[in-house]
Amino acid sequence: MSSVKSMTGFGRYEVVDAEKKLVIDLRSVNHRYCDITVRLPRIYAYMEDKIKDYVGKRVHRGKIEISVYFESYTGQNKVVSLDTALLHSYYDALSAIRTECGLSAPVGLSDLTRFSDIFITHQEEQDQDAVWDMVAEGLAQAVADFEAMREREGARLVADLREHAGAVLADLAQIEKVAPRLAEEYAGRLRERMKELLAEVPVEESRFMTEVALMADKLCIDEEIVRLKSHFEELENILSEADGIGRKLDFLVQEMNREVNTIGSKANDLRIAKIVVNMKAEIEKLREQIQNIE
């Protein structure tokens with residue numbers, strides 16, 4: 001099973017020997033989608049799509065920048081040829097100067113070779129398959145290095161997520177202790193208030209209990225507590241999936257926040273309101289860290 005991965009990471013492969021020099025760098029930062037940019041010399045532009053395809057199959061999200069420098073000392077020999085037409089033009093021009101100025105020295109080789117543009121340099125045609133094989137081998141190692149770093153960062157993110165999740169669940173346990181007493185406490189306050197307002201007038205018990213029952217229904221947060229617990233169970237389930245879980249977690253944390261807000265508004269209790277503030281702060285920390293997960 002693969003592990004949770006951060007969207008940030010760096011990988012590098014470098015080799016310099018008698019035959020070649022190859023340097024590949026991969027780095028990534030957070031991004032909503034998978035955005036791959038490849039930088040490489042123009043002569044190797046034919047490899048760009050292959051590199052994108054290779055990395056795109058292994059990375060699901062993030063802005064990835066790939067830099068490739070490759071030089072083959074054995075497969076990039078240059079061929080020099082002569083622009084004979086231009087050479088003769090220079091010779092004729094120099095000969096005309098010699099005649100015009102009455103010079104006795106003949107036009108020599110050293111005179112002509114000063115004009116570097118008479119030489120044409122050609123690059124030998126590359127064996128593109130052979131070049132790609134070498135780059136692909138280096139790319140595989142650079143990506144492995146890159147993925148290892150992202151997994152290490154991912155492990156730290158998971159540990160942090162679980163810490164914040166534990167803090168929210170601890171706060172929720174406090175709310176569970178308070179919640180069953182909300183209706184009873186409301187009934188007590190209501191009875192005292194009615195005594196103050198009505199003085200000696202007897203309270204009709206049935207109407208009083210009806211009012212308490214209606215308010216108890218409004219104050220009940222049992223369903224929200226159950227749903228919030230289930231969201232944290234789902235958090236663990238998603239973390240076990242590992243690949244491409246960032247969007248799922250992002251949606252899940254929105255649902256957590258919605259349930260906590262509902263608990264705060266329905267309970268209408270100062271103690272719970274204070275706990276809810278702490279829970280929202282921890283859920284925001286969850287959200288921030290989830291933005292870093294692939």
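Above: the structure in question.
All of the points below concern the structure found in this document.

### Here we look at the environment of proline 106
Line of reasoning, step 1. Within the element layout of this structure, proline 106 appears in the loop between helix 2 (84–101) and helix 3 (109–112).
Line of reasoning, step 2. Judged by its relative accessible area of 62%, proline 106 is exposed.
Line of reasoning, step 3. Distance from proline 106 to leucine 94, taken between C-alpha atoms, is 9.3 Å for residues twelve residues apart in sequence.
Line of reasoning, step 4. Beyond its immediate sequence surroundings of up to four residues, proline 106 is in contact with Arg98 and Asp111.

### Some remarks on the nonpolar core
Line of reasoning, step 1. Ile175, Met256, Ile263 and Ile272 are the most contacted members of the largest nonpolar core, which has 35 residues in total.
Line of reasoning, step 2. Broken down by secondary-structure element, the contributors of at least two residues to this core are helix 4 (128–178), helix 7 (222–241), helix 8 (246–267) and helix 9 (270–290).
Line of reasoning, step 3. Among the elements that make up this core, the one with the highest residue count is helix 4 (eight residues).
Line of reasoning, step 4. Aside from chain neighbours lying at most four places away, what touches methionine 256 is Leu228, His231, Phe232, Leu235, Ile283 and Leu286.
Line of reasoning, step 5. Formed by 26 residues, the second largest nonpolar core is a distinct cluster that contains Tyr13, Val15, Met47 and Leu139.

### A word on the packing of aromatic side chains
Line of reasoning, step 1. Taken as a whole and judged by the stated rule, the model has two aromatic pairs.
Line of reasoning, step 2. Taking the centre distance of 5.6 Å and the plane angle of 70° together, the rings of tyrosine 44 and phenylalanine 70 count as edge-to-face. On the criterion of sequence distance, the pair formed by tyrosine 44 in the loop between strand 3 (34–39) and helix 1 (48–56) and phenylalanine 70 in strand 4 (residues 62–72) is long-range, its members being 26 residues apart.
Line of reasoning, step 3. What makes tyrosine 44 buried here is its relative accessible area of 2%.
Line of reasoning, step 4. When its relative accessible area of 2% is taken as the criterion, phenylalanine 70 is described as buried.

### Side note on the sheet that holds strand 1 (residues 9–16)
Line of reasoning, step 1. In space, the four strands of this open sheet follow the order 1-2-4-3, with mixed pairing throughout. Both edges of this open sheet fall to strand 1 and strand 3, since each of them pairs with a single strand only. Taken pair by pair, the neighbouring strands of this sheet meet at an average axis angle of 10°, ignoring direction.
Line of reasoning, step 2. Pairing geometry for strand 2 (residues 20–29) and strand 4, over ten bridges, is antiparallel. Residue pairing in the sheet places leucine 22 in a bridge with phenylalanine 70 of strand 4.
Line of reasoning, step 3. In the packing of helix 1 onto the sheet, the strands contacted are strand 2, strand 3 and strand 4, and the crossing angle to strand 3 comes to about 145°.
Line of reasoning, step 4. This element, helix 4, spans strand 1, strand 2 and strand 4 of the sheet and lies at about 35° to strand 2.

### Quick look at the pairing of strand 1
Line of reasoning, step 1. The alternating pattern of strand 1 places Gly9, Gly11, Tyr13 and Val15 on a buried face and Phe10, Arg12, Glu14 and Val16 on a face that is not buried.
Line of reasoning, step 2. Bridging between strand 1 and strand 2 involves eight bridges; their strand directions are antiparallel. Across the sheet, residue arginine 12 finds its bridge partner in strand 2, namely aspartate 25.
Line of reasoning, step 3. Between strand 1 and strand 2, which follow one another and run antiparallel, lie three residues.

### Some details on the side chain of glutamate 147
Line of reasoning, step 1. Relative to the helices and strands, glutamate 147 is located in helix 4.
Line of reasoning, step 2. A distance of 2.8 Å separates polar atoms of two side chains, one belonging to glutamate 147 and the other to lysine 5.
Line of reasoning, step 3. When neighbours within four sequence positions are excluded, glutamate 147 is seen to be in contact with Lys5, Arg58 and Val59.

### Concerning the side chain of aspartate 171
Line of reasoning, step 1. With respect to the helices, strands and loops of the structure, aspartate 171 is situated in helix 4.
Line of reasoning, step 2. Summary of buried charges: aspartate 171 has no salt-bridge partner, and the nearest side chain of opposite charge, lysine 285, is 9.6 Å away.
Line of reasoning, step 3. When neighbours within four sequence positions are excluded, aspartate 171 is seen to be in contact with Ile275, Asn278 and Met279.

### Quick word on the pattern of salt bridges
Line of reasoning, step 1. Under the definition given, this model contains 21 salt bridges.
Line of reasoning, step 2. Arginine 12 is the salt-bridge partner of aspartate 25, the closest N and O atoms lying 2.6 Å from each other. Placement of the pair is aspartate 25 in strand 2 and arginine 12 in strand 1, with a sequence separation of 13 residues.
Line of reasoning, step 3. On the basis of relative accessibility, which here comes to 15%, the residue aspartate 25 falls in the buried class.
Line of reasoning, step 4. Overall, the relative accessible area of 36% leaves arginine 12 in the partly exposed class.

### Brief notes about helix 7
Line of reasoning, step 1. Along its 20 residues, helix 7 runs 29 Å from first to last C-alpha, staying within 8% of the 28 Å computed at 1.5 Å per residue.
Line of reasoning, step 2. Taken together, the buried positions of helix 7 are Glu224, Ile225, Leu228, His231, Phe232, Leu235, Ile238 and Leu239. Buried positions in helix 7, seen along its axis, are confined to an arc of 140° and lie on one side of it. When the buried face of helix 7 is taken as reference, the exposed residues oriented beyond 90 degrees from it are Glu223, Val226 and Glu233.
Line of reasoning, step 3. Tucked inside the fold, the buried residues of helix 7 contact helix 4, helix 8 and helix 9.

Conventions we followed
Residues numbered from 1 in each chain as written. Predicted model: local features only at pLDDT ≥ 70, side-chain atom pairs only at ≥ 80, totals over all residues. Heavy atoms only, no water. Helix = DSSP H or I, 4+ residues; strand = E, 2+ residues; numbered from the N terminus. Buried < 20%, exposed > 50% of the residue type's maximum accessible area, 1.4 Å probe, protein only. Contact = heavy atoms within 4.5 Å. Core = buried A, V, L, I, M, F, W, Y, C linked by side-chain atoms within 4.5 Å. Phe/Tyr/Trp six-rings, centres within 6.5 Å; stacked < 30°, edge-to-face > 60°. Pairing = 2+ DSSP bridges. Axes fitted to C-alpha atoms, helices over the stretch in contact; angles between N-to-C directions. Polar contact = N/O pair within 3.5 Å; in protein donor to acceptor, adjacent residues only side chain to side chain. Lys, Arg positive; Asp, Glu negative; His and termini not counted. Salt bridge = Lys/Arg side-chain N within 4 Å of Asp/Glu carboxyl O. Expected span 1.5 Å × (residues − 1). Arc of directions from axis to C-beta.

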